[in-house]
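Per-entry structural report
These are the residues of each chain, in order.
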Amino acid sequence: MGSPANGQSTLSGWGRVPVAGREQLSENLEAATRGAVLCRGLGRSYGDSSLPANADDKVVATRLANRILAFDPESGILRAEAGLCLADLNRLFIPRGYFTPVTPGTKFVTVGGMVASDVHGKNHHQEGCFGAHVQSLRMRLASDDIVTCSETENPDLFYATIGGMGLLGHILEVEFKMHRISSPWIWMESERVGDIDEFITALSNAAPRWPMTVGWIDCLIRGASLGRGILMAGRWATPEEAKAKPPPLTRKKTLPFEFPNWAINPLTVQAFNVAYYWQHMNHRNAGLVGTDPFFYPLDAVLHWNRVYGPRGFTQYQCVLPRAAGPQAVREFMELLTKLGGASPLCVIKDCGPEGKGLLSFPLEGTSIAIDMAISAETQRIVDRLNEFVIAAGGRIYLTKDGFTRPEHFAAMEPRLPQFLAAREKWDPKRRLRSAQSHRLFGDRA
Ligand SMILES: Cc1cc2nc3c(=O)[nH]c(=O)nc-3n(C[C@H](O)[C@H](O)[C@H](O)COP(=O)(O)OP(=O)(O)OC[C@H]3O[C@@H](n4cnc5c(N)ncnc54)[C@H](O)[C@@H]3O)c2cc1C
């Protein structure tokens, strides 16, 4: 819950752009979701997908409904309430030799939010999205009925809910298959990469050899070194490689105050990027790391989103299809640097084939994600990037978005009519809605 300006409560996503509204917290999700318009987990979506379209809408925060209901150590199948936080799941299950099949880059998310965004991780090229590992969902529909859906039971509801940004129903329980892990340690190798073409080749060379890959790009450097950065690849360490003790728990630091708006500017970002790139002095490093620094480096500083100042920030994440070729990625990077979306955070990832979730984000190709402080220029930059992505046959990630125009989204999403048809069937009055669905699909406020 945000600060009560003018006596009005506000809610915001991770990008810290507030809207008027309030959330109801309850550990009894079944009762709380009756008549609700929207559910939200831990608000780690950057834009407006977890925010109400209208201040009076009933928004339920799920994070107190976090019980593990069943676990079968043989099959790895786990059933949990939708508000279970991934950090708690990791704390309980890594020592027992299990890990979530897919993790996003933060552990402060709920399993319900992971389904609604159909999150992907460093292993997307091998394991797909989280939804590919979900066995079934228990949901409260717009009609207030409670149903179960899966690949075989109400499959149209199941696939529209996976990646459906909470618009098909409120997820009460999630059943999914945990993975066995060989140790609580990761064997990681990282290497400096000289430019964007080299990066794409390095990512595709690493994909068959490594279950997990990701890259950081210096998005300010232009010319011959455009797209230089660091490629990181990892796999679970074998028991022989692993250290005798589990990785130590790291003490989290908290960003104690909000930075001013000007703190993130081309000069400070350039200074950070150059320092980060050359900190990687050796061309190649290898060794054991714990799960937290490998999967969640950004979680090391709590409330790091305050660094972008009071105007908040957004993340632009798109995927460019393999068919568009490496030159599309180079041209995208050129456009990005020309438009001046200065940020220390620019991540590149190889995506595997598209999943079955109707609005699920990844498709086979290259994903680029970049944080941007919000300014008077943001809408123009997002429009321009979206035009490029549409022409290349790519798409953006709804859970990061707060600026895409409805006509741009429709142009980049051939599956949209199918998704809207599922909504028409399960919620003909469009009772379930968000600020994002108001913006993109014309739902009432
Ligand atoms: C630092 C950082 C790194 C990230 N890295 C990645 C990444 O690598 N890959 C990736 O895919 N994502 C990534 N994300 C995005 C994040 O994983 C998603 O936004 C995720 O959905 C957030 O989960 P949440 O529980 O906070 O959901 P919220 O942000 O609260 O909600 C997100 C959406 O889920 C819906 N929702 C939540 N709970 C329910 C429910 N019970 N029933 C129905 N709908 C529900 C909401 O309505 C909303 O549409 C990252 C985010 C951050 C802040």
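Once a new chain begins, its residue numbering starts again from 1 and follows that chain's sequence as written. Residue-level local features of this predicted model are given only where pLDDT is at least 70; pairs of side-chain atoms are given and counted only at 80 or more, and the full residue set underlies all totals for whole chains, interfaces and linings. For side-chain calculations, the full set of non-hydrogen atoms in the structure is used, while hydrogens and water are omitted.

An unreviewed UniProt entry annotates the protein chain as FAD-binding oxidoreductase originating from Pendulispora rubella.

1. What about unusual backbone geometry?
Operational definition: Numbered from the N terminus, helices here are DSSP runs of H or I no shorter than four residues, and strands are runs of E no shorter than two.
The backbone of Arg16 shows a phi angle near 65 degrees, a positive value even though the residue is not glycine. Take Arg16: it is sitting in the loop between strand 1 (10–11) and strand 2 (19–20). Here the phi dihedral of Asp144 falls at roughly 80 degrees; this positive angle occurs in a residue that is not glycine. The residue Asp144 is located in the loop between strand 9 (134–140) and strand 10 (146–150) in this model.

2. Description of the nonpolar core
One recurring pattern in soluble globular proteins: nonpolar side chains tend to sit buried together. Operational definition: What we call a nonpolar core is a set of buried Ala, Val, Leu, Ile, Met, Phe, Trp, Tyr and Cys residues that are connected through their side-chain atoms within 4.5 Å. Burial status follows relative accessibility: with a 1.4 Å probe on protein chains alone, a residue under 20% of its type maximum counts as buried, one over 50% as exposed, and anything between as partly exposed. Any pair of residues with heavy atoms lying within 4.5 Å of one another is described as a contacting pair.
Core analysis: the biggest nonpolar cluster contains 106 residues, and Tyr316, Phe332 and Met333 have the highest contact counts within it. Residues within four places of Tyr316 in sequence aside, it is in contact with Phe332, Ile368, Ala369, Ile370, Met372, Val382, Leu385, Asn386, Val389 and Ile396. With six residues, the next largest nonpolar core counts Tyr46, Val307, Tyr308 and Phe313 among its residues.

3. Some points on the packing of helix 9 (residues 326–339) against helix 10 (residues 378–392)
Definition in use: Lines fitted to C-alpha atoms define the axes, with helix axes restricted to the stretch in contact, and inter-axis angles between N-to-C directions lie between 0 and 180 degrees. Oblique is the label for any angle not covered by the other classes, which are roughly parallel (under 35 degrees), roughly antiparallel (over 145) and roughly perpendicular (65 to 115). Helix crossings get a hand from a simple test, with the near helix turned counterclockwise from the far one by less than a right angle marking a left-handed crossing and a clockwise turn marking a right-handed one.
Put simply, helix 9 and helix 10 touch, their axes get as near as 11 Å, and they point 165 degrees apart. Between helix 9 and helix 10, the interaxial angle falls into the category roughly antiparallel. With respect to the hand of their crossing, helix 9 and helix 10 are arranged in right-handed fashion. On helix 10, the residues touching Ala328, Glu331, Phe332, Leu335, Leu336 and Leu339 of helix 9 are Arg380, Ile381, Arg384, Leu385, Phe388 and Val389.

4. Here's the deal with the sheet that holds strand 17 (residues 284–290)
Note the cut-off: Should DSSP find at least two bridges between two strands, the strands are regarded as paired.
Spatially, the eight strands line up as an open sheet ordered 17-13-15-14-20-21-19-22, and their pairing is antiparallel. Both edges of this open sheet fall to strand 17 and strand 22 (395–396), since each of them pairs with a single strand only. Inspection of the sheet shows strand 14 (residues 212–217) paired to strand 20 (residues 346–351) by two bridges, in the antiparallel sense. Counted as the bridge partner of Trp216 is Val347 from strand 20. Where helix 9 meets the sheet, its contacts fall on strand 14, strand 19 (313–321), strand 20 and strand 21 (365–373), and the angle it forms with strand 21 comes to roughly 5 degrees. Strand contacts of helix 10: strand 19, strand 21 and strand 22, with the helix running at about 10 degrees to strand 19, the strand carrying the most contacts.

5. What about the site of the ligand?
Keep this limit in mind: Proximity is defined per residue: any heavy atom of the residue falling within 4 Å of a molecule or strand makes that residue near it. Definition of a polar contact: a pair of N or O atoms within 3.5 Å, with one able to donate and the other able to accept a hydrogen when the atoms are protein atoms, and with sequence-neighbouring residues admitted only if both atoms are side-chain atoms. Accessible surface is estimated by sampling points in the Shrake-Rupley manner with a 1.4 Å probe; for residues, cover comes only from the protein chains shown. Residue type decides the class: Asp, Glu, Lys and Arg count as charged, Ala, Val, Leu, Ile, Met, Phe, Trp, Tyr, Cys and Pro as nonpolar, and the leftover types, Gly among them, as polar.
Around the ligand sit 35 residues in total, of which Cys39, Gly41, Ser45, Thr110 and Tyr397 are the nearest. Contact distances for the ligand include 2.7 Å between an oxygen atom and a backbone N or O atom of Gly41. For the ligand, the protein covers 96% of the area, taking 960 Å² as the surface of the free molecule. Mapped by element, the contributors of at least two residues to the shell around the ligand are strand 4 (38–40), helix 3 (111–116) and strand 11 (170–177). Residue composition of the shell around the ligand, by class: 15 nonpolar, 17 polar and three charged.

6. Topic: the packing of aromatic side chains
Note the cut-off: Pairing of aromatic side chains requires ring centres within 6.5 Å, counting the rings of Phe and Tyr and the six-membered ring of Trp. Pairs whose planes differ by under 30 degrees are stacked, by over 60 edge-to-face, and all others tilted.
One pass over the full model with this rule turns up 17 aromatic pairs. Measuring from centroid to centroid gives 4.8 Å for Phe71 and Phe93, while their planes differ by 75 degrees, and the two rings are edge-to-face. Of this pair, Phe71 sits in strand 6 (residues 68–71) while Phe93 sits in helix 2 (residues 86–93); the two residues are 22 residues apart in sequence, bridging distant segments of the chain. With a relative accessible area of 28%, Phe71 lands in the partly exposed category. Pairing Phe295 with Tyr296 gives two aromatic rings, centres 5.9 Å apart and planes at 45 degrees, and the pair type is tilted.

7. Quick notes on the pattern of salt bridges
Applicable threshold: Salt bridges are identified by distance alone: a Lys or Arg side-chain nitrogen within 4 Å of an Asp or Glu carboxyl oxygen.
Following the criterion strictly, the structure yields 30 salt bridges and no others. Measuring nitrogen to oxygen at the nearest pair gives 3.9 Å for the salt bridge that ties Asp144 to Arg431. With Asp144 in the loop between strand 9 and strand 10 and Arg431 in the loop between helix 12 (416–426) and helix 13 (435–441), this residue pair connects regions lying 287 residues apart in the sequence. The class for Asp144 is partly exposed, based on a relative accessible area of 21%. Within the structure, one salt-bridge network assembled from shared partners comprises Glu30, Arg79, Arg138, Glu173 and Glu175.

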